[in-house]
Every structure is written in C-alpha cells, then in structure tokens.
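Examination of the molecular architecture
These are the residues of each chain, in order.
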Amino acid sequence: MPADALTLIVGDEELLVERAVGEVIAAARKEDPETEVIELTPGGLEPGRLAELTSPSLFGGGKVLVLRSAQDLGKDLIAEVVAYAERPAEDVALVAVHPGGAKGKALVDGLTKAGARKVQCSKITKAAERLAFVRAEVRRCGGTIGEDAARSLVEAVGSDLRELAAACSQLVADTGGKINDEAVARYYRGRAEVSGFTVADKAVEGKLSEALEQLRWALATGVSPVLIVSALAQGIRGLAKVGGAPRGARGAGLAKELGMPPWKIERLQRQLRGWSAEGVAQALTAVAEADAQVKGGATDPAYALEKAVARIVAARGAR
C-alpha cells in the first residue's frame, strides 16, 4: 500500500485534521501520482456505494477515500464501513474523519479494532500547547524560535492555529529562520498587545534603553498610550501577585492560587529577581500616576510614559 489502508482521524482542530488528511494523500501520490481522491459525506454515501468505490477497477490505479463527518453515519452505514475495514482493498486508502465524542462512537471503535492508524487532532486550548505548536511549526518550516519569542507571537496573533501557522511560515521566510523577540515585534508592530507587553517586559527586567526604544517605536506606530499603561500595570501587578504568593505553593497549586498559567508564573518568577517588596510598591505608584496622566491629566502622554518607565526601572533596585 502507498499509504495506510485505514486511517482514523479524531478531533476537531481543522488545521491538524486537514494536514493529517493531506499526509495520507501525499503518501499515496508519492507512490502513484495518478491516485484518485474521492471526498465522501454521510449524505452522499448510500448503502452499497462504499463497495462500489472499493471494488477493483478495470483501469487500475489507487484511490484515497476521505469520509468526512463520520459521526453522522447511520447504523447500517457504520456496519458497512466497519465490515470493509476488516478486509480493506489493496489499492484503496480509507480516511475517516470523526470530531470525537459519543456520537458515532461505534465507527471509531470498529475502525480501531480493525487496526486503523489513529491520528489525534483535538482542539488546542491550553497556552502551553499553543506555545508547543508554534515552536514545532517553526521547526517544521526550517527555523528556530525561543520560548519568549513564541509567547510574544501567540500574544500577538491569537489562538487560531491557521493564523499562527501562517505567521510562523512568514517569519521563517523573512528572517532567515532565526526568530527572536525583535523579529516578532518588527513584523507584528500593528498589534498593540505585543508592543505594550514588550515595553513592560523590558521595564521590569531593568533594561531602560531597550524599554524606552520599544516605547517610542510603539507610540510612533499608533499604539494607544492607554494600552501601554495597561500593559505596564499588568506586568507590575503580576510581579506583586507572584512575589506575595505563599512560599510553599508550587506548580498547579500555585497556578490555581494566582489564576495564572504556569508558564506565566515562571516568567514572572524570573523577572522578580532584583525586585523587593518596596520596589514593587514604588513601581505600582508610578504606573497609577501614569494612568491618570495619559487619561487626561498630562499634556504630553509620551513624556508621562517615558517618566513612568524610568521610575519602574529605578524601582527595581530599591531596597
């Protein structure tokens, strides 16, 4: 067989499902470029149709049958597909796509028992899984990306895997493959979240010149001062929450206590080095004053933000 005779794809993450289907088709066509691909849906699969499609052809040639929405098959059709799976045709690759769940589970069980190769394509819902996807996607495209840059990209682009995959491909193509925070910020400077949080990260890490550079660049590209203040506030409040957490709390317990994902806690713990409780309090005051100023209390919001960033960096070493 040019491809697995039976493939069961379970899950509803569209990008991963399409890739899994595409891999079967590519494997079949690598052996036989003339392989025919036939898309099937429960509504168009009447009894006997599967037997007709899988019977030997007078003209030869392989086939890939892609059965979509397999959960909607009726009992009789499920029985027909499972019976076929027990003795699959030699020149046919059957791919059944099922979203998971209880509906149509008899088909999943039947194909699994028949030895189908199972591909899991469940929705990616956790932040850590999206980070892993981004890093794997960049490697898939021939590049490398650091963990912080991957987080920045997720924050900029969002949770949609198609958009993340497209962003990874673009960055690898345009940067030569080595992707860092600066590259992500440069290509996604229209995203206020990236710009604001980049300023905040540089400030809490004590990197004054870099924080001011990012601040001026963000303002020049149209990011609202209010959004930048919000990012600064979130950064400092995060330090306060992690710094004030119970000493014995760790892992999932700490994440639950603070209401933050573990990766964010780890990042804030790294950023806390060099900070004291007094310094965090001073930084919170600086952010509160900047917030009032950019919302109408100052004639020059840019200057107010620069002053706030400088005060945050200075507060980092306060004892």
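Below you will find a few notes about this structure. The structure displayed is predicted, hence computed values, not measured ones.

The rules behind each value
- Residue positions are counted from 1 within each chain, in the order its sequence is given.
- For a predicted model such as this one, the threshold for reporting local features is a pLDDT of at least 70, and the threshold for listing and counting side-chain atom pairs is 80 or more; totals across whole chains, interfaces and linings nevertheless cover every residue.
- Side-chain measures were taken over the full set of non-hydrogen atoms in the model, leaving aside hydrogen atoms and water.
- A helix here means a DSSP run of H or I that spans at least four residues, while a strand means a run of E at least two residues long, and both kinds are numbered starting from the N terminus.
- Radius of gyration: C-alpha atoms only; globule rule: 2.2 Å multiplied by the number of residues to the exponent 0.38.
- Throughout, exposure labels follow a simple rule: accessible area from a 1.4 Å probe, protein chains only, divided by the maximum for the residue type, with under 20% read as buried, over 50% as exposed, and the rest as partly exposed.
- Residue contacts are counted whenever heavy atoms from the two residues lie within 4.5 Å of one another.
- Working definition of accessibility: Shrake-Rupley area with a 1.4 Å probe, residue cover restricted to the visible protein chains.
- Residues scored as positive are Lys and Arg, those scored as negative are Asp and Glu, and His as well as the terminal groups of each chain are ignored.
- Here the site of a charge means atom NZ of a Lys, CZ of an Arg, CG of an Asp or CD of a Glu.
- The pocket and cavity definitions rest on a 1 Å grid over protein atoms only: a 1.4 Å probe that fits but cannot leave marks a cavity, an open set with protein on both sides within 12 Å along at least five of seven lines marks a pocket, and residues lining either have an atom within 4 Å of a point.
- Grid points are joined across faces, edges and corners, and a volume is the space filled by probe spheres set on the points.
- Gly counts as polar in this scheme, as do all residues outside two lists: the nonpolar Ala, Val, Leu, Ile, Met, Phe, Trp, Tyr, Cys and Pro, and the charged Asp, Glu, Lys and Arg.
- The definition of a polar contact used here is a pair of N or O atoms within 3.5 Å, where within protein one atom must be able to donate a hydrogen and the other to accept one, and adjacent residues in sequence count solely through side-chain atom pairs.
- For this analysis, a salt bridge means a side-chain nitrogen from Lys or Arg found within 4 Å of a carboxyl oxygen belonging to Asp or Glu.
- A pair of strands counts as paired when DSSP detects no fewer than two bridges linking them.
- Axis definition: a line fitted to C-alpha atoms, limited for helices to the stretch in contact. Angles are taken between N-to-C directions and run from 0 to 180 degrees.

Assigned secondary structure in the protein consists of 15 helices and seven strands. Taking 319 residues into account, the globule formula puts the C-alpha radius of gyration at 20 Å, and the protein, at 27 Å, lies well above it. Based on the C-alpha atoms only, the size of the protein along its principal axes is roughly 80 × 45 × 30 Å. Counting over 319 residues, the protein shows a buried share of 44%. Here the analysis covers contacts within the protein between residues at least 6 apart in sequence; of these, 75% occur between residues at least 24 apart. Here the protein displays about 16200 Å² of accessible surface, and carbon together with sulfur accounts for 51% of that area. Each charge sign in the protein was given a centre, from 42 positive and 42 negative side chains, and these centres are 8 Å apart.

Our focus in this paragraph is empty space enclosed by the protein. Counted by the stated rule, this structure contains two cavities of 30 Å³ or more. Taken as a whole, the largest cavity encloses approximately 50 Å³ of empty space. Around the largest cavity, the lining residues are Ala286, Glu289, Ala290, Gln293, Ala304, Lys307, Ala308 and Arg311. Split into classes, the residues belonging to the lining of the largest cavity amount to four nonpolar, one polar and three charged.

Our focus in this paragraph is the side chain of His98. Here His98 is to be found in strand β4 (residues 92-98). Relative accessible area serves as the criterion here: at 0%, His98 is assigned to the buried category. Within the structure, the side chain of His98 is placed 2.8 Å from the backbone nitrogen of Gly100, a separation counted as a polar contact. What His98 contacts, discounting residues up to four positions off in sequence, is Ile9, Val10, Gly11, Ala70, Gln71, Lys103, Gly104, Lys105 and Val108.

This brings us to the pattern of salt bridges. Counted by the stated rule, this structure contains 19 salt bridges. Among the salt bridges present, the one from Glu182 reaches Lys202, with a minimum N-O distance of 3.9 Å. Of this pair, Glu182 sits in helix α8 (residues 181-187) while Lys202 sits in helix α9 (residues 192-204), and the two are 20 residues apart along the sequence. Taking relative accessible area as the criterion, Glu182 reaches 38% and is therefore assigned partly exposed. Here the salt bridges do not stand alone but share partners, grouping Glu147, Asp148, Arg151 and Arg270 into one network.

In this structure, the largest pocket spans a volume of roughly 280 Å³. As for the largest pocket, its lining consists of 13 residues, and the residues nearest its centre are Glu155, Phe197, Asp201, Trp263 and Lys264. Taken together, the residues of the lining of the largest pocket sort by class into five nonpolar, three polar and five charged. Together, 13 residues line the second largest pocket, and Gly11, Asp12, Val17, Ser69 and Val97 are the ones closest to its centre. Sort the elements by how many residues they give to the lining of the second largest pocket and helix α1 (residues 14-31) lands first, with three residues. Of the residues assigned to the lining of the second largest pocket, the class counts are three nonpolar, four polar and six charged.

Another point: the side chain of Lys63. Structurally, the position occupied by Lys63 is in strand β3 (residues 63-67). Here Lys63 is buried and forms no salt bridge, its nearest opposite-charge partner Glu36 lying at an N-O distance of 4.9 Å. Of the polar contacts made by the side chain of Lys63, one reaches the backbone oxygen of Leu53; its length is 2.7 Å.

Another aspect to go through is the sheet that holds β3. Across the sheet, five strands lie side by side as β2-β3-β4-β1-β5; this open sheet has parallel pairing. The sheet is open, and its two borders are formed by β2 (36-40) and β5 (117-120), each paired with just one other strand. Each strand axis lies, on average, 15 degrees off the axis of its neighbour in the sheet, ignoring direction. Two elements, β3 and β4, share five bridges in a ladder whose sense is parallel. Looking at the pairing, Val64 lines up with Ala93 of β4. Most of the contacts of helix α3 (residues 75-86) go to β4, to which it runs at about 140 degrees, and overall it touches β1 (6-10), β3 and β4.

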